Amino acid sequence: DKVFREEQEIESFSLTLPAMIRLGVAHKLVPRLTLSGNYDQAFSDGFGISSTPRLAAGVEYRLVDWFPLRFGLSVGGRAGMSSALGFSFGPFTAGRMRLTLLETGLVNRGGFFPGVAQGAGWSINLLRVRIKRI
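What you are looking at is a predicted structure, and each value in this text was computed from that prediction instead of being measured.

Here is what the cut-offs are and how they apply
Residues numbered from 1 in each chain as written. Predicted model: local features only at pLDDT ≥ 70, side-chain atom pairs only at ≥ 80, totals over all residues. Heavy atoms only, no water. Pairing = 2+ DSSP bridges. Helix = DSSP H or I, 4+ residues; strand = E, 2+ residues; numbered from the N terminus. Polar contact = N/O pair within 3.5 Å; in protein donor to acceptor, adjacent residues only side chain to side chain. Contact = heavy atoms within 4.5 Å. Axes fitted to C-alpha atoms, helices over the stretch in contact; angles between N-to-C directions.

Asker: Just to check I follow, could you spell out the pairing of strand S4 (residues 67-76) for this structure?
Answerer: Here is the key point about a regular strand: its side chains alternate between the two faces of the sheet. In this structure, strand S3 (residues 54-64) lies alongside S4, joined through 10 bridges in antiparallel fashion. For leucine 55, the partnering residue across the bridge sits in S4 and is valine 75. Where S3 folds back on S4, the antiparallel hairpin that results is connected by two residues. Across six bridges, S4 lies against strand S5 (residues 82-94) in antiparallel orientation. Opposite arginine 70, over in S5, you have glycine 86 as the bridge partner. Turn length for the S4-S5 hairpin, with the two strands adjacent in sequence and antiparallel, is five residues, and the turn residue glycine 77 shows positive phi of about 75°.

Dropping the structure here:
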């Protein structure tokens, strides 16, 4: 006989995530240039989290209002040294909506430069829509 549904009792489990503090600042140096900095510190090691402090700094420069270029460096944490480069198109305003297209970024993990890094990652966000409330 085939069994299509079977219930089994399992022991309960719990998961606790390590406490973490994240502090960040951003300052618009000139109208087209924004500087930012972050400090991350977990209080215990856990899945994907290290208790080693992490410092990160970034800069965003807008060639035109709808084309920001981003660059950042970080040291410490689980990944060690890393660098990142990214860009996007937008935001474009359409009524009460703000549309951002193709936010993308490339990161080197374990080193500042691609030839000495231990790995790389790529992120992409095709569309972001923000709706203003009345």
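Moving on from the coordinates now.
Asker: Even after reading the chapter, I still don't get the side chain of serine 83, so can you show me in this structure?
Answerer: Considering the arrangement of structural elements, one finds serine 83 in strand S5. A polar side-chain atom of serine 83 sits 2.6 Å from the main-chain carbonyl oxygen of phenylalanine 112. Residues within four places of serine 83 in sequence aside, it is in contact with Gly72, Leu73, Leu106, Val107, Asn108, Gly111 and Phe112.

Asker: Please clarify how the sheet that holds strand S7 (residues 119-131) should be interpreted in this entry.
Answerer: Pairing between the strands of a sheet comes from backbone hydrogen bonds, and it takes one of two forms, parallel or antiparallel. Spatial strand order, S1-S2-S3-S4-S5-S6-S7: seven strands in an open sheet with antiparallel pairing. Since the sheet does not close on itself, it has two edges, and those belong to strand S1 (20-30) and S7, each with one partner. Strand-to-strand twist of the sheet, defined as the mean angle between neighbouring strand axes without regard to direction, takes the value 15°.

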